[in-house]
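The chain contents come next:
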Amino acid sequence: MNDNVELAPGDAILLNDNPAEVIKTYSVGDLEYLRAYVEDVGVKTVCIEDVEIERKRDQLGALEPATASQLHPEHESVSADWFDLRSQALQLQIAHEQGQLLSISNSLVRLEPYQLACVNWVMQKLRQRALIADDVGLGKTIEAGLILKELTARNRADRVLFVVPAHLQKKWIRDMDRFFDISLTPADRQWVEGERRRLGEEANIWDQDHQQMVTSMAFLRQEEFRDELDDAFWDVVVVDEAHKAAKRGESPSKTSKMVERVADNSDSLLLLSATPHDGKGDAFRSLIEYIDPFLVAEDQDLSKEAVDRVMMRRGKQTIYDDDGERIFPNREVGTIPVQMTHEERQFYRAVTDYVKHVYNRSEQLNEPAVGFAMALMQKRLVSSIGAIKATLSRRLANLVDQQSTATNLSEEASAYLEGEDLDEQDQQKAEEELAGLTITESDAQLEEEIETLRDLVSLAEGIPVDSKAQKVRRYIQQLLEEQPNEKVLLFTEYRDTLDYILDLVKDEPWADEILVIHGGVDKEDRARIEDEFNHGQSRLLFATDAASEGIDLQHSCHIMVNYELPWNPNRLEQRIGRLHRYGQEKEVKVWNFSFEDTRESEVFEMLQEKVENIRGQLGNTADVLGMLDDINVDSLIMESIRNDEPASATKEELEELIDERQRTLAEWYERSLIDTSTFDEESRRKIQEVMDQSEDVYGSEADIRQFFELGISALGGDVEKAGNNLFRAELPDSLRRSRDGEPYGPFTFNREFAMDHDGIEYISPDADLVQELMQRVLDSEQGAVGLKLLPFVDEPGITYNYRVRFEDGTGEVIREEILPVFVDAAHRDPQQRLGQRIIEGDTIKGSPDGDRVRTLLEHQSEMRSSADRYVSQRVESRRDKLHERRREETQQELDDLEAYAEAERERIETFIADYERKAEAGSDMDIAIRRQRDRLSKLEERIEKRRRELQRKAQVISLAPEVENICLSLPI
């Protein structure tokens with residue numbers, strides 16, 4: 001067989017039945033060798049005598065002119081159905097490279113235009129690195145998920161790392177699975193130990209392909225991972241609550257060093273934070289530098305233009321609907337004061353005195369864990385009589401059993417003490433453990449404390465129901481009587497308080513309508529409870545802060561009761577965010593119940609009033625919360641208790657801090673550094689155009705359904721309707737999903753239907769089954785040649801479906817598209833628009849004129865040459881436009897880079913010149929000069945590396961156009 005094959009460089013052949021391309025042939029003595037590129041294998045050099053070589057025939061090569069009279073649209077070798085199926089599969093395969101939003105049809109989440117505008121802005125950037133700083137409740141999680149879907153569709157999300165606060169890990173895992181069908185693996189101690197057993201101690205477990213991980217900031221910042229993180233690389237890194245990783249002060253925290261490390265070692269980077277600044281400049285600047293370390297030199301101020309290039313920021317007050325109305329309603333936050341009884345006031349003072357005494361002792365003996373325990377006790381004191389009584393009783397039991405040492409804390413308690421975020425169940429365990437700690441210098445001191453605790457428990461038992469609980473019960477009763485159609489969301493910080501309230505109201509006529517969420521409720525029950533509150537008859541939802549994130553109640557409720565104010569204002573905002581978010585149509589009313597004339601109530605009323613006033617001035621709650629993020633309110637209150645200071649002193653100190661931050665914030669607003677962008681009617685129009693174009697690229701619901709039904713049928717299966725928007729399928733063996741022969745389903749092609757009905761599989765364009773079907777069709781030899789009889793074709797010709805592709809100098813695909821070109825047999829006139837109509841057109845059944853078909857087969861070589869010339873012109877034109885766009889995109893970054901380099905170079909050289917002058921004056925400056933010269937050398941290396949990368953990004957390389965399939969196109 002090989003004797004008759006003449007081989008020339010570039011020839012397409014089958015080498016032992018594998019597709020290959022000839023590189024060259026040559027002799028070694030008497031033996032002839034072939035060097036070829038073998039598909040999916042690479043370059044091989046083989047002795048020609050030892051292998052089977054066939055010339056690979058093109059699509060029309062198998063059709064002989066003599067058989068022309070036998071061909072028709074349903075003939076197996078030119079089936080129009082298979083041609084259409086293959087063409088649809090090709091379009092699906094390359095859709096991800098056409099620069100549109102593919103996540104719109106691939107996600108089970110209600111998408112808002114302003115969210116898609118954010119995704120589109122990120123995806124249009126040269127590198128997908130951005131700070132997304134939208135206000136609380138606008139959906140940063142959704143935006144991050146959509147961007148990840150876009151990058152996945154473009155094959156740029158193989159290695160993914162989510163770095164989030166510990167208490168949010170489960171939420172991210174749940175949301176990514178629920179909305180985007182993305183499975184995140186939790187990277188915790190169990191995973192680390194398992195991977196090290198599997199891969200060996202020497203392996204870098206963080207540097208693996210096909211990893212989509214979520215881990216906590218606290219876990220990843222451990223010293224044992226530092227070297228591994230330095231050597232790992234991720235396609236996508238997402239950092240939630242990114243302000244927690246910002247650099248503050250002269251010594252960056254372990255968290256900020258870790259985030260900087262993974263940011264440097266990632267391609268795409270998303271930092272998410274509603275509060276990206278704290279009213280001071282350094283923290284915000286460090287977030288910008290994580291995104292692009294070359295954007296602004298160290299001694300230069302941030303500019304609005306620089307910030308706008310890397311940050312997307314929208315506030316609830318700046319998003320408008322089509323009628324120009326704000327889509328977020330107002331909110332009213334008010335305080336309902338509760339007056340203590342004489343017994344309650346005595347009890348409050350007694351517990352506070354006890355807290356002060358033990359807190360002072362812990363300070364003197366340097367036992368911060370015990371001081372922390374006292375802060376917890378003071379918080380529970382102003383929550384409820386139920387919470388403080390349970391805490392006092394547990395502490396008494398611990399002391400009696402002598403289980404009160406602070407030297408042997410559990411891992412959770414130690415982490416909580418260090419400020420780590422825990423999920424609610426772990427936090428509750430840690431708090432209970434810490435609340436039992438004490439430190440005494442003698443047995444007599446211990447006995448004295450035990451007696452004090454017994455007296456306090458006795459006092460608590462003498463107050464069966466506190467005044468606040470009574471007032472909350474009456475408020476709910478009155479509201480339900482006056483407005484029976486309203487629903488109420490009640491929050492408390494502590495499980496003990498929640499249990500206390502539930503016991504208090506168990507005999508009320510509305511008690512059976514109370515739904516409950518706390519840290520012990522699993523995700524399935526949470527989802528069921530959320531659905532019941534939103535759509536069922538139950539009018540009351542009582543919850544701890546386990547429900548303050550991850551559930552959406554804006555469509556069913558607009559009234560919130562805070563049983564107590566959390567000491568962290570951000571936590572309060574998270575609660576309000578369950579109701580005050582997109583889709584809320586009524587003014588949100590928030591009622592905070594608070595004991596009068598207590599140190600805590602005075603401080604928090606002032607704090608809440610400040611927050612609302614500044615929010616009213618700035619129009620953005622998140623800006624205010626950012627100012628308060630690192631202000632330790634707990635410490636201020638405990639210091640005032642320790643020093644017996646009146647609440648007014650604490651208020652004054654806190655006000656000074658807030659006023660200082662507010663002045664800085666106002667200055668930033670004047671410079672427009674953190675200004676929110678407006679999403680108005682024009683913004684909606686622009687993103688709607690992108691949405692329409694995206695559907696054209698990926699296909700509508702009807703297009704996907706047609707491809708799926710045709711493909712399953714062509715491979716030997718069957719699809720049948722099973723109801724409104726519902727289907728079942730007998731899948732072919734190659735795609736079978738179960739071994740018991742049961743039909744696949746029920747499933748739907750309708751995105752809205754899938755979102756509204758649980759347990760229904762959604763067949764999206766990137767569903768695994770659709771992608772497998774696409775690959776089966778493309779792997780088949782059928783559909784390479786088709787024949788169509790069409791009423792709008794005047795002259796017989798051939799339509800060539802070209803795949804056109806462009807890469808940049810880094811190998812990343814810039815653009816890929818299918819370009820159909822029709823060439824008529826008589827004039828050899830190439831036409832793209834008619835080619836597109838032919839690809840999309842449905843053939844008429846019948847037999848064509850055999851002579852016309854024969855003419856096409858006999859002259860196809862000349863027609864192909866005409867199509868090639870036409871395509872080469874189109875490629876050249878597209879390449880020029882792409883090159884111009886890429887040049888503009890990279891030039892801005894090159895200009896930024898050069899400005900950064902010049903400023904940094906000048907700064908370091910100033911240091912060197914200053915040190916050299918001191919050396920001339922007699923000082924020993926050799927080490928200082930060497931360090932600065934080394935710093936200058938490293939700067940030049942970093943700049944040159946980034947410059948080369950940008951220059952490669954600016955390149956546009958056209959890959960050879962390939963004909964994917966061909967259609968003989970004839971008039972009727």
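In this text, all values refer to a predicted model and were calculated from it rather than measured experimentally.

Reading the values: rules and limits
Throughout, residues of each chain are indexed from 1 in the direction in which the sequence is written. The predicted origin of the model limits local features to residues at a pLDDT of at least 70 and limits the giving and counting of side-chain atom pairs to 80 or more, whereas totals for whole chains, interfaces and linings rest on all residues. Only hydrogens and water are set aside; all other atoms, that is, all heavy atoms of the structure, feed into the side-chain values. Numbering of helices and strands runs from the N terminus; a helix is a DSSP stretch of H or I covering at least four residues, while a strand is a stretch of E covering at least two. Burial classes follow relative accessibility: with a 1.4 Å probe on protein chains only, a residue under 20% of its type's maximum area counts as buried, one over 50% as exposed, and anything between as partly exposed. In this analysis, two residues are considered to be in contact whenever any of their non-hydrogen atoms come within 4.5 Å of each other. Each accessible area value is a Shrake-Rupley result obtained with a 1.4 Å probe; residue values ignore everything except the protein chains displayed when judging cover. Counted charges follow a simple rule, with Lys and Arg positive, Asp and Glu negative, and His plus the chain ends left uncounted. Every charge is mapped to an atom, namely NZ of Lys, CZ of Arg, CG of Asp or CD of Glu. Here the rule is simple: two strands pair whenever DSSP picks up at least two bridges between them. Convention adopted: a line fitted to C-alpha atoms gives each axis, helices being fitted over their contacting stretch, and angles between N-to-C directions are expressed from 0 to 180 degrees. Between the rings of Phe, Tyr and Trp (Trp by its six-membered ring), a pair exists once the centres lie within 6.5 Å; its type follows the angle of the planes, with under 30 degrees stacked, over 60 edge-to-face, and the other angles tilted. Identification of polar contacts relies on pairs of N or O atoms within 3.5 Å, with a donor-acceptor requirement for protein atoms, meaning one able to donate a hydrogen and the other able to accept it, and with residues adjacent in sequence counted only if both atoms are side-chain atoms. A pocket here means an open set of points on a 1 Å grid, computed over the protein atoms alone, that has protein on both sides within 12 Å along at least five of seven lines. A cavity is instead a set of points where a 1.4 Å probe fits but cannot get out; residues with an atom within 4 Å of a point line either one. Grid points are joined across faces, edges and corners, and a volume is the space filled by probe spheres set on the points. Think of it as three bins: nonpolar holds Ala, Val, Leu, Ile, Met, Phe, Trp, Tyr, Cys and Pro, charged holds Asp, Glu, Lys and Arg, and polar takes everything else, Gly as well. In these notes the angle categories are as follows: under 35 degrees is roughly parallel, over 145 is roughly antiparallel, 65 to 115 is roughly perpendicular, and the rest is oblique. Each crossing is labelled by how the near helix is turned from the far one, with a counterclockwise turn of less than a right angle marking it left-handed and a clockwise turn marking it right-handed. The arc in question is the one traced by the directions running from the helix axis out to the C-beta atoms. Only buried Ala, Val, Leu, Ile, Met, Phe, Trp, Tyr and Cys residues count toward a nonpolar core, and they belong to the same one when joined by side-chain atoms within 4.5 Å. Each patch is built from salt-bridge-free residues with over 30% relative accessible area, joining like charges within 9 Å and nonpolar side chains (Val, Leu, Ile, Met, Phe, Trp, Tyr) within 5 Å. Basic side-chain nitrogens of Lys or Arg form a salt bridge, by our definition, when they fall within 4 Å of a carboxyl oxygen of Asp or Glu.

**Some points on the overall build of the protein chain**
On a plain count of helices and strands, the protein chain comes out with 32 helices and 27 strands. Here the C-alpha coordinates of the protein chain stretch approximately 110 × 90 × 55 Å along the principal axes. The burial tally for the protein chain puts 53% of its 972 residues in the buried class. Sequence-distant contacts in the protein chain: of pairs separated by 6 or more residues, those separated by 24 or more amount to 76%. Working note: accessible area of the protein chain is about 44,500 Å², and carbon and sulfur atoms make up 42% of it. When the 123 basic and 202 acidic side-chain charges of the protein chain are each reduced to a single mean position, those positions are 2 Å apart.

**Observations regarding the sheet that holds strand E15 (residues 514-517)**
Adjacent strands of a sheet pair through backbone hydrogen bonds, lying either parallel or antiparallel. Taken together, six strands build an open sheet; the order of strands is E13-E18-E17-E14-E16-E15 and the sheet is parallel. The open sheet is flanked by strand E13 (331-338) and E15, the only strands paired with a single partner. Direction aside, the axes of adjacent strands within the sheet are offset by 20 degrees on average. Taken together, the four bridges between E15 and strand E16 (residues 540-543) define a ladder with parallel strand orientation. Bridge assignment links Leu 515 to a residue of E16, and that residue is Leu 541. Across the face of the sheet, helix H17 (residues 467-482) comes into contact with E13, strand E14 (488-491), E16, strand E17 (559-562) and strand E18 (588-595) while running at roughly 155 degrees to E18.

**What to know about the packing of aromatic side chains**
According to the stated counting rule, one finds 16 aromatic pairs in the structure shown. Note on Trp 191 and Trp 206: the rings are 5.1 Å apart at their centroids and 55 degrees apart in plane angle, and the pair reads as tilted. In this pair, Trp 191 sits in helix H5 (residues 189-199) while Trp 206 sits in the loop between H5 and strand E9 (211-216), placing the two residues 15 residues apart along the sequence. Accessibility classification places Trp 191 together with Trp 206 in one group, the buried group. A ring pair is formed by Phe 747 and Phe 749, whose centres lie 5.7 Å apart and whose planes are at 90 degrees; its orientation type is edge-to-face. With respect to class, Phe 747 is no different from Phe 749; both count as buried.

**A look at the side chain of Ser 556**
Structurally, Ser 556 is set in the loop between E16 and E17. On the accessibility criterion, Ser 556 (18% relative accessible area) is buried. Reaching out from Ser 556, the side chain makes a polar contact with the side chain of Asn 534 at a distance of 2.6 Å. For Ser 556, the residues in contact, after removing those within four places along its chain, are Lys 487, Phe 533 and Asn 534.

**Remarks on empty space enclosed by the protein**
For the structure on display, the rule yields five cavities of 30 Å³ or more. Space inside the largest cavity adds up to approximately 160 Å³. Contributing to the lining of the largest cavity are 16 residues, with Val 382, Glu 564, Leu 565, Ser 594 and Glu 600 lying nearest its centre. Looking at the lining of the largest cavity, the elements with two or more residues in it are E18 and helix H21 (599-618). Per-element tally for the lining of the largest cavity: the top contributor is H21, with four residues. Of the residues belonging to the lining of the largest cavity, the class tally is seven nonpolar, three polar and six charged. Volume-wise, the second largest cavity comes out at about 100 Å³. Lining the second largest cavity are Met 340, Glu 344, Phe 347, Tyr 348, Leu 381, Ser 384, Ile 385, Ile 388, Ile 463, Asp 466 and Phe 595. Mapped by element, the contributors of at least two residues to the lining of the second largest cavity are helix H11 (342-364) and helix H13 (385-400). Per element, the largest residue contribution to the lining of the second largest cavity is three residues, and it comes from H11. Class assignment of the residues belonging to the lining of the second largest cavity gives a composition of eight nonpolar, one polar and two charged.

**Considerations on the environment of Leu 489**
If you trace the backbone, Leu 489 turns up in strand E14. By relative accessible area, which is 0% here, Leu 489 ends up buried. Considered as a pair, Leu 489 and Leu 726 are 237 residues apart in the sequence and their alpha carbons are 36 Å apart.

**Some thoughts on the packing of H13 against helix H18 (residues 495-504)**
Between H13 and H18, the least distance of the axes is 7 Å, while the angle of their chain directions is 125 degrees. Comparing their axes, H18 and H13 come out oblique. For the crossing formed where H13 meets H18, the hand is right-handed. Every residue of H18 that contacts H13 at Ile 385, Gly 386, Ala 387, Ala 390, Thr 391 and Arg 394 is listed here: Asp 496, Thr 497 and Tyr 500. Its residues assigned to classes, the contact of H13 with H18 shows four nonpolar, three polar and two charged.

**Section: H5**
Side chains of residues three or four places apart in an α-helix project in the same direction, reflecting 3.6 residues per turn. The set of residues buried in H5 consists of Trp 191, Val 192, Glu 195 and Arg 196. Burial along H5 is one-sided: seen end-on, the buried residues are contained in an arc of 130 degrees. Those residues of H5 that are exposed and angled more than 90 degrees off the buried face are Gln 190, Arg 197 and Arg 198. One or two steps after H5, the chain reaches Gly 200, where phi turns positive at roughly 100 degrees.

**Let's talk about the nonpolar core**
Counting residues in hydrophobic clusters, the biggest one holds 92 residues, and the most contacted among them are Phe 347, Val 351, Met 374, Leu 392, Ile 476, Leu 541 and Phe 542. Per element, the largest residue contribution to this core is eight residues, and it comes from helix H12 (residues 368-381). Ranked by size, the runner-up nonpolar core spans 43 residues in total, among them Ala 117, Leu 146, Phe 162 and Ile 327.

**Quick word on a nonpolar patch on the surface**
Where nonpolar side chains cluster on the molecular surface, the patch consists of Ile 23, Tyr 37 and Val 43 and spans about 270 Å² of accessible area. One can find Val 43 in strand E4 (residues 42-47). Residue classification places Val 43 among the partly exposed residues on the basis of a relative accessible area of 46%.

**Brief notes about the pattern of salt bridges**
Any two side chains of opposite charge can pair, on the condition that their charged atoms come close. Within the structure shown, the criterion is met by 70 salt bridges. Measuring nitrogen to oxygen at the nearest pair gives 2.8 Å for the salt bridge that ties Arg 159 to Asp 209. Of this pair, Arg 159 sits in strand E7 (residues 159-164) while Asp 209 sits in the loop between H5 and E9, and the two are 50 residues apart along the sequence. With a closest N to O distance of 3.6 Å, Asp 914 and Arg 917 form a salt bridge. Taken together, the residues Asp 914 and Arg 917, both in helix H31 (residues 860-920) and three residues apart, mark about one turn of the helix. Judged by its relative accessible area of 52%, Arg 917 falls in the exposed class. Three or more residues are tied together by salt bridges with common partners; here these are Arg 156, Asp 267, Asp 808, Glu 812, Arg 885, Arg 886, Glu 889 and Lys 953.

**A word on the sheet that holds strand E25 (residues 813-824)**
With respect to topology, five strands assemble into an open sheet ordered E23-E27-E24-E25-E26, the strand pairing being mixed. The sheet is open, and its two edges are formed by strand E23 (785-790) and strand E26 (830-831), each paired on a single side. Where E23 lies against strand E27 (residues 957-971), six bridges are found, and the strand directions are parallel. In the strand pairing of E27, Lys 788 is matched with Ser 969. Packed onto the sheet, helix H30 (residues 850-858) meets E23, strand E24 (797-807) and E27 and runs at close to 160 degrees relative to E27.

**Let's talk about unusual backbone geometry**
That bond from Gly 745 to Pro 746 is cis: its omega, 5 degrees, falls within 30 degrees of zero. Topologically, Pro 746 is positioned in strand E21 (residues 744-748). Backbone geometry places Asp 181, a non-glycine residue, at a positive phi of 55 degrees. Relative to the elements of secondary structure, Asp 181 occurs in the loop between helix H4 (169-180) and strand E8 (185-186). Taking relative accessible area as the criterion, Asp 181 reaches 60% and is therefore assigned exposed.

**Topic: the environment of Gly 783**
Along the chain, the position of Gly 783 falls in the loop between helix H28 (768-779) and E23. In the structure, Gly 783 is positioned 704 residues away from Ser 79 in sequence and 6.7 Å away in space, judged by C-alpha atoms.

**Topic: the environment of Ala 901**
Checked against the element boundaries, Ala 901 lands in helix H31. Taking relative accessible area as the criterion, Ala 901 reaches 0% and is therefore assigned buried. Placed 703 residues apart in sequence, Ala 901 and Arg 198 show a C-alpha to C-alpha distance of 45 Å. Apart from residues no more than four positions distant in its own chain, Ala 901 is found in contact with Leu 939 and Ile 943.

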